[in-house]
Amino acid sequence: MGRIIGIDLARCLALLGMITAHLVDDGGPSGEVGGWFLVTAGRSSALFAVLAGVSITLVTRSRPDRTPTGSRLALLTRAILVAAIGLVLGIPDSGLAVILTYYGVLFLVALPVITWSAKRLAILAVSWGLISPVVSLAVRPHLPASTYDVPTPASLADPLQLLSELTITGYYPVLTWATYLFAGMAIGRLDLRSATVRRWLVVLGGWGGVLALAVDRLALRSDNARASLVATYDRWEPVASWADLDRVLETGLYGTTPTGSWTWLWVWSPHSGSIVDLAHTVGSAMFVIGISLIVVKIVGRRGERPLQVLAGAGAMTLTLYAVHVAVVAAGRGAAMGEDSWALDLRVHLLGVLVVGAIFALCRWRGPLEQFVGEISTAVARARR
């Protein structure tokens, strides 16, 4: 199976969205949250995770010569390498919640279900999205509090704390984020070149995202529900009223909701891991993937190659994400100052598009993609 350009386009949009969420100002002069931040925060990283699940399935389907054991070994190797890259990227002070170490652990969750059908994976994704937030809310009071530190090699000195954060209490906890992975794997099992599949991704994703937000609005209309959330909010921002909390919810919750009230399950907030959050972001990811596939169909054969070049960043997101983190870390250095070009959103967006286009024109793979791919393939071949 050749590259599906629509998936590369969706990956490119996910990468641009994550960069925007990292660097755009999340608040205006009068206290309102910026529009671009509202659009990209939470949704971009969720799209990235769903696409990771799609990629796992597509890679498995493209290698019919590889046994299920070989596919699992290749994925296990990929998981270890991606997690290691994430630990290294956590060393410089970028101020970003680097996602790659969490991704490495997330890939391990795919190992038992790598051969499942689309239907079984879809049922698993829906069930996981409903149950995992409940489990998270119930068990987190009994676990060590998150340090909210970005994982680094030094984090390995306290493996239990690191495991707790990677799986349940951290920025991108695998317990709830497995929902994205399973949803993406289910999508990857579909015939993505089918017009019917494209339309259903847009329709189901769009309506699912809208209905999730409607549940949030309905659940939080009650003064009692709002009071319960204000009373149980336990993070560092000062919250004295629903107006204070409402603005905090717009900016995000750093991976998990507070505990103490089951109402948190129905709250929409970026990176909250609530049932509503998972439903909305999975829906928005499906919508973007469907639209991306439709765009490729609209441009036709003549437009595929130019679009592939334009979205070339989507074929090397691991490399470009790593470079983005490194450049932001450099820009935060005291020597470069806060107004450094390295912290300019436009520089990052244009940079990834230009580099991606050059690599696509030359038909090169991203350096990290090639490194991870060759080692994973070598491990699978050695086993065979």
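This structure is a prediction, so every number in the text was calculated from the model and none was measured. (Residues numbered from 1 in each chain as written. Predicted model: local features only at pLDDT ≥ 70, side-chain atom pairs only at ≥ 80, totals over all residues. Heavy atoms only, no water.)

Overview of the overall build of the protein
Put simply, the rule reads: In this description a helix means any DSSP run of H or I spanning at least four residues, a strand means any run of E spanning at least two, and both kinds are numbered starting from the N terminus. We compute the radius of gyration from the C-alpha atoms alone; for a globule the expected value is 2.2 Å times N to the 0.38, where N is the number of residues. Whether two residues touch is decided by their heavy atoms; if any such pair falls within 4.5 Å, the residues are in contact. Areas reported here follow the Shrake-Rupley algorithm with a probe of radius 1.4 Å; residue values treat only the protein chains shown as occluding. Think of it this way: Lys and Arg go in the positive column, Asp and Glu in the negative one, and His and the chain ends go nowhere. By convention, the charge on Lys lies at NZ, on Arg at CZ, on Asp at CG and on Glu at CD.
For the protein, the helix and strand inventory stands at 15 helices and 0 strands. In summary, the protein has a C-alpha radius of gyration of 20 Å against a globular reference of 21 Å for 384 residues, a match within 12%. If one aligns the C-alpha atoms of the protein with their principal axes, the spans along those axes are about 60 × 55 × 45 Å. Taking the intrachain contacts of the protein between residues at least 6 apart in sequence as the baseline, contacts between residues at least 24 apart amount to 73%. Accessible surface for the protein amounts to roughly 17,600 Å². Of this, 65% is attributable to carbon and sulfur atoms. Side-chain charges in the protein split into 31 positive and 24 negative, and the spacing between the mean points of these groups amounts to 18 Å.

A word on the side chain of T20
Selection criterion: Remark: exposure states derive from per-residue accessible area (1.4 Å probe, protein chains only) relative to the maximum for the residue type, with buried under 20%, exposed over 50%, and partly exposed in between.
Mapped onto the fold, T20 is located in helix α1 (residues 5-23). Residue classification places T20 among the buried positions, given a relative accessible area of 8%. Beyond its immediate sequence surroundings of up to four residues, T20 is in contact with W36, T40, L345 and L349.

Quick look at empty space enclosed by the protein
Over the atoms, a rolled probe matching the size of one water molecule traces out where space is still vacant. Inclusion rule: Only protein atoms enter the 1 Å grid used here, on which a cavity is any set of points holding a 1.4 Å probe that cannot leave and a pocket is any open set flanked by protein within 12 Å on both sides along at least five of seven lines; residues with an atom within 4 Å of a point are listed as lining. Grid points are joined across faces, edges and corners, and a volume is the space filled by probe spheres set on the points. We call Asp, Glu, Lys and Arg charged. Ala, Val, Leu, Ile, Met, Phe, Trp, Tyr, Cys and Pro are nonpolar, and the rest, Gly among them, are polar.
A complete count under the given rule lists 1 cavity of 30 Å³ or more for this structure. Estimated volume of the largest cavity: approximately 70 Å³. As for the largest cavity, its lining consists of 13 residues, and the residues nearest its centre are S136, R140, T257, S272 and G273. Ranked by residues supplied to the lining of the largest cavity, first place goes to helix α6 (residues 118-139) with 3 residues. Among the residues forming the lining of the largest cavity, the class breakdown is 4 nonpolar, 8 polar and 1 charged.

Overview of the packing of helix α3 (residues 43-61) against helix α12 (residues 275-310)
Counted only if it meets this: To define axes, lines are fitted to C-alpha atoms, for helices over the stretch in contact only, and angles between the resulting N-to-C directions are given on a 0 to 180 degree scale. Here the angle decides the label: under 35 degrees means roughly parallel, over 145 means roughly antiparallel, 65 to 115 means roughly perpendicular, and every other value means oblique. For any pair of crossing helices, the crossing counts as left-handed if the nearer helix is rotated counterclockwise from the farther one by less than a right angle, and right-handed if it is rotated clockwise.
α12 packs onto α3 with a crossing angle of 70 degrees between their chain directions and a minimal axis gap of 9 Å. By the angle class used here, α3 and α12 are roughly perpendicular. Considering the relative orientation of α3 and α12, their crossing is right-handed. Side by side, α3 and α12 meet where R43, A46, L47, V50 and L51 of the first sit next to H280, T281, S284, A285, V288 and I289 of the second. Looking at the contact of α3 with α12 residue by residue, the classes come out as 7 nonpolar, 3 polar and 1 charged.

Remarks on the packing of aromatic side chains
Here is the rule: Only centres within 6.5 Å qualify two rings of Phe, Tyr or Trp (six-membered ring in Trp) as a pair; their planes then separate them into stacked at under 30 degrees, edge-to-face at over 60, and tilted for everything else. By definition here, charges over rings are those cases where NZ of Lys or CZ of Arg is within 6 Å of the ring centre and within 35 degrees of the ring normal.
The final tally for this structure, using the stated rule, is 12 aromatic pairs. Ring geometry for Y148 against Y171: centres 5.8 Å apart, planes inclined by 65 degrees, an arrangement best described as edge-to-face. Here Y148, found in the loop between α6 and α7 (159-169), pairs with Y171, found in the loop between α7 and α8 (174-188); they are 23 residues apart in sequence, far enough to count as distant. Take Y148 and Y171: they sit in the same class, and that class is buried. Note on Y148 and Y254: the rings are 6.5 Å apart at their centroids and 75 degrees apart in plane angle, and the pair reads as edge-to-face. Here Y254 lies in the loop between α11 (242-251) and α12 and Y148 lies in the loop between α6 and α7, a separation of 106 residues in the sequence. Sitting over the ring of W116, R120 keeps its end group 3.9 Å from the ring centre.

Overview of α3
Spelled out, the test is: Multiplying one less than the number of residues by 1.5 Å gives the expected span of a helix.
The end-to-end C-alpha separation of α3 is 27 Å, in line with the 27 Å expected for 19 residues at 1.5 Å each. The element α3 is largely enclosed, with a buried count of 16 among its 19 residues.

So, the environment of R199
Of note, R199 is situated in helix α9 (residues 195-219). Take R199: its relative accessible area is 49%, and that puts it in the partly exposed class. Sequence spacing of R199 and I291 is 92 residues, and the spatial spacing of their C-alpha atoms is 8.4 Å.

Brief notes about the layout of surface pockets
If you add up the space inside the largest pocket, you get close to 1,400 Å³. Taken together, 49 residues form the lining of the largest pocket, with R3, R11, V59, R78 and R365 sitting closest to its centre. Of all the elements in the fold, those that place two or more residues in the lining of the largest pocket are α1, α3, α4 (68-89), α5 (100-110), α12, α13 (317-331), α14 (345-361) and α15 (367-383). Top element by residues in the lining of the largest pocket is α3. It accounts for 8 residues. Here the lining of the largest pocket is built from residues that sort into 25 nonpolar, 14 polar and 10 charged. Empty space within the second largest pocket amounts to approximately 760 Å³. Every residue lining the second largest pocket is counted, 33 residues in all, and those nearest its centre are A21, H22, F37, G95 and Y254. Those elements that place two or more of their residues in the lining of the second largest pocket are α1, α2 (35-40), α3 and α11. Examining the composition of the lining of the second largest pocket, we find that 4 residues originate from one element, α1, more than from any other. Taken together, the residues of the lining of the second largest pocket break down into 17 nonpolar, 11 polar and 5 charged.

Description of unusual backbone geometry
The backbone phi angle of Y148 is positive, close to 60 degrees, even though this residue is not glycine. With phi around 55 degrees, R363 is a residue other than glycine that occupies positive phi space. By the element assignment, R363 lies in the loop between α14 and α15. The exposure class assigned to R363 is exposed, which follows from its relative accessible area of 64%.

Structural measurements only, silent on function.
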